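# Fold and geometry: a report
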Amino acid sequence: MKTHYMNPYAAGFLLGLTLLAAIVITGRGLGASGALKSSVVATVHTVAPQHAAASKFYSENLKALHDNPLKAWLVFEVLGVVIGGFLSGVVSDRLTFQTERGPRISNSARLGFALIGGALFGLGSQFARGCTSGAALSGMAVLSTGGIITMAAIFGTGYAVAYFFRKLWI
Amino acid sequence: MFPLVPDLISDELNLIVALLIGIAFGFVLEQAGFSSSKKLAGVFYGYDFTVIRVFFTAGVTAMSGVIILGYIGWLDTDFIYINPTYLEGAILGGVIMGFGFIIGGYCPGTSVCGAAIGKIDAMFFVGGGLIGVFLFAEGYPMFENIYMASFLGNIRIFNSLGMSQGVFALLLIVVAVVTFIMTTKIERKVNAEGPAKDFHPHSHRLAGTGIILLGVVLLFLPDRKERLVGKVSDENFVQTHSVQTMTSDELAFRILDGDHRLQIVDVRDGKEFDSASLPGAINIKTGQLFQKEFTEILGQKHRKKVFIAADEHSEKIAALLAQEIGYENLCVLKGGLAEFTASILKYTKLGTISTREEIDTDRFRSKASGAIALLIKESKNKPAKPAALIKKVAGGC
């Protein structure tokens, strides 16, 4: 299936304007992993409130989110990403259930690796206080030292280890 | 003027803004092809450099916008969220995410976008992300030390590297353009069917030249704060610009009168301010004049703001800076606190007093000396006013 994507520079420019709008209107950049954190905090808070209250991580985050972790900026923003991504899929006729993988691995292996990769990303984003959107991209826009270090570490590591994982993709 | 949060946009409205910005974010990500893990992973194998192109272009666009809006004074860069720098966390987290990227083929934002159009691998990635955050949360006591290590503040890269904002911006743009050229060459070799196939060399060359020119412009746009502070640190500027002065006698009279149209602004260090200042004075150091929490006090047009410091020169620099920022109805204490102390607080009769005016002055100063000393004593006993509660913009991922 051949599908047409926007010119990457044009898309980058529009993404930059979106990020700029976020900074100008709300004073903060874009993000994604923060919504994962909110979801985890909300789930643990509901399922095991005593455990959440006893843990420094959960209680501090609950306090920061005014005891209502799902009523957070990033949660709404990520809901928007779902809607926006879906609309784009409709417009460009790309709505299909499918698993994308390299030619040399099976579907189930791909799904397993996606799960592991997601877990690593989730873990890493907590250490770095943000992911590719919140730390690297938004950090670059406001020229934050930490954000730019994280960006370099993500891409640097990716290139450094790409060879060992080539069977997953090529 | 900007950002609008938290002054003009309430918390509830801000969530609607979040949703709208998210929709734009998701739409653009999907249009760029970021819903496809194969496309994303291509950046590491050279068959598709879309990630680098989109990412760098977006970063350069937003950065340029922040610098330009900051320069013309529309965006208060002191008030936007600058990601804090914790060295170990930034590096370790980045390395772990690098592995996550190559193994999982997505990052959190793009995985949500991919899941939205039905990519099953993206849904697994999102699930994995939740597990990863959960693991961090449960292991937090173990991770806390390294997570909190080496906090360097909300520092900016150009300060860390000891260069100006403009120089760094230009460097970043040049690096971006060189990367665009190199990666397009590599991609054409690795994958003849890659996205670079559709590029029009002419328009791309034009765009490349355009953003380098933009970088050159940015080079000459210092941060507004940097620019204004630079202006008033120039002795020539201070000498050639005048600020209204207020004599010690007038200030003393107005203090004793309880004049509500007067606001004393003490620009000395907190320590000096704490040890002794004038009654009703507020402590705003020269460097703090930009801060948003003081706009209310300094912006009251009907009140005369009199800047006080040890000497008149320091007062003048602060007042000129305030004037450049846009505040009105300012003046400085003539001769600084040194003269005020000598002529009022520690007033001693000097020589002969003969004219009517000299007699009046002597009578006033003798009276004011004791009265103001008393007021200072009283105001020192009063607990210090709590600093204005200020809502900071929250951020982070």
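Residues numbered from 1 in each chain as written. Chains lettered and ligands numbered in written order. Predicted model: local features only at pLDDT ≥ 70, side-chain atom pairs only at ≥ 80, totals over all residues. Heavy atoms only, no water.

Counting its regular elements, chain A contains eight helices and zero strands. Seen in sequence order, chain A has helices and strands lined up from the N terminus as α-α-α-α-α-α-α-α. In terms of its C-alpha atoms, chain A occupies a principal-axis envelope of roughly 50 × 40 × 35 Å. A total of 170 residues make up chain A; the buried ones form 59% of that total. Of the contacts formed within chain A by residues at least 6 apart in sequence, a portion of 54% connects residues at least 24 apart. (Helix = DSSP H or I, 4+ residues; strand = E, 2+ residues; numbered from the N terminus. Buried < 20%, exposed > 50% of the residue type's maximum accessible area, 1.4 Å probe, protein only. Contact = heavy atoms within 4.5 Å.)

Here chain B is partitioned into domain 1 (11–226) and domain 2 (235–381). Of note, the centres of domain 1 of chain B and domain 2 of chain B, computed from C-alpha atoms alone, are 49 Å apart. (Domains from an automatic or database assignment.)

According to the stated counting rule, one finds 24 aromatic pairs over all chains in the structure shown. Judged by centre distance (5.6 Å) and plane angle (85°), the ring pair of F57(A) and Y58(A) falls under edge-to-face. Aromatic pair F127(A) and F136(B): ring centres 5.0 Å apart, planes at 80°, arrangement edge-to-face. Here F127(A), found in helix α6 (residues 107–127), pairs with F136(B), found in helix α6 (residues 120–138), and the two come from separate chains. Take F136(B): its relative accessible area is 0%, and that puts it in the buried class. Among the aromatic residues, those joined into a cluster by ring pairs are F121(A), F155(A), Y159(A), F44(B), F55(B), F101(B), Y106(B) and F125(B). Positioned over the ring face of Y86(B) is R129(A), at 3.3 Å from the centre of the ring. (Phe/Tyr/Trp six-rings, centres within 6.5 Å; stacked < 30°, edge-to-face > 60°. Lys NZ or Arg CZ within 6 Å of the ring centre and 35° of its normal.)

What follows deals with the environment of S88(A). Looking at where S88(A) falls in the secondary structure, it is placed in helix α5 (residues 73–91). Along the sequence, S88(A) and F164(A) sit 76 residues apart, while their C-alpha atoms lie 34 Å from each other. Excluding anything up to four places from it in sequence, S88(A) contacts R94(A), F27(B), E30(B) and Q31(B). At 2.9 Å, the side chain of S88(A) and the side chain of Q31(B) are in polar contact. (Polar contact = N/O pair within 3.5 Å; in protein donor to acceptor, adjacent residues only side chain to side chain.)

With that settled, the discussion passes to the interface of chain A and chain B. Of the residues lining the interface, 119 residues belong to chain A; the matching set on chain B comes to 128 residues. Summed over both partners, the interface of chain A with chain B comes to about 11,000 Å²; 75% of that surface belongs to carbon and sulfur atoms. The largest share of the area that chain A buries against chain B comes from Y9(A), F127(A) and R129(A), three residues that together contribute 8% of it. Scanning the region where chain A abuts chain B turns up five salt bridges. Note that D121(B) is salt-bridged to R110(A), the shortest N-O span being 3.0 Å. Applying the counting criterion to the chain A and chain B interface returns 44 residue pairs in polar contact (both at pLDDT 80 or more). (Buried area = accessible area lost by both parts, 1.4 Å probe. Salt bridge = Lys/Arg side-chain N within 4 Å of Asp/Glu carboxyl O.)

Let's shift gears to a nonpolar patch on the surface. Residues and elements named next belong to chain B. Taken together, the side chains of V174, V178, M182, I186, V190, I212, V216 and F220 present a nonpolar region at the surface, about 670 Å² in accessible area. Where the nonpolar patch is concerned, the elements lending two or more residues are α9 (165–190) and α10 (201–219). At five residues, α9 tops the list of elements feeding residues into the nonpolar patch. Residue position: I212 is located in helix α10. According to the relative accessible area criterion, I212 is partly exposed, its value standing at 31%. (Patch = residues over 30% accessible without salt bridge, like charges linked within 9 Å, V, L, I, M, F, W, Y side chains within 5 Å. Areas by Shrake-Rupley, 256 points an atom, 1.4 Å probe, with all protein chains shown as cover.)

The next point concerns the nonpolar core. Of all hydrophobic cores here, the largest spans 92 residues; its most connected members are L15(A), I23(A), F44(B), Y45(B), M63(B), L75(B) and I102(B). Looking at this core element by element, the count peaks at twelve residues for helix α3 (residues 50–71) of chain B. Setting aside its immediate chain neighbours within four residues, F44(B) contacts F155(A), G158(A), Y159(A), A162(A), F101(B) and I102(B). Among the nonpolar cores identified, the runner-up in size contains 24 residues, and I282(B), I284(B), F294(B) and I325(B) belong to it. (Core = buried A, V, L, I, M, F, W, Y, C linked by side-chain atoms within 4.5 Å.)

Residue and element names in this part refer to chain B. Counted under the stated rule, the structure contains 13 salt bridges over all chains. Of the charged contacts, one joins K39 and D48 as a salt bridge, the two residues approaching to 3.0 Å between their closest N and O atoms. Residue K39 shares its accessibility class with D48, and that shared class is buried.

Relative orientation of the contacting elements helix α1 (residues 8–26) of chain A and α3(B) amounts to 40°, with a least axis distance of 7 Å. Taken together, α1(A) and α3(B) sit at an angle that is classed as oblique. Relative to α3(B), the crossing made by α1(A) is right-handed. Residue-level inspection shows P8(A), Y9(A), A11(A), G12(A), F13(A), L15(A), G16(A), L17(A), L19(A), L20(A), I23(A) and V24(A) of α1(A) in contact with α3(B), the latter providing T50(B), R53(B), V54(B), T57(B), A58(B), T61(B), A62(B), G65(B), V66(B) and L69(B). Considering only residue class, the contact of α1(A) with α3(B) consists of 15 nonpolar, six polar and one charged. (Axes fitted to C-alpha atoms, helices over the stretch in contact; angles between N-to-C directions. Parallel < 35°, antiparallel > 145°, perpendicular 65-115°, else oblique. Left-handed = near helix turned anticlockwise from the far one by under 90°. Nonpolar A, V, L, I, M, F, W, Y, C, P; charged D, E, K, R; others polar.)

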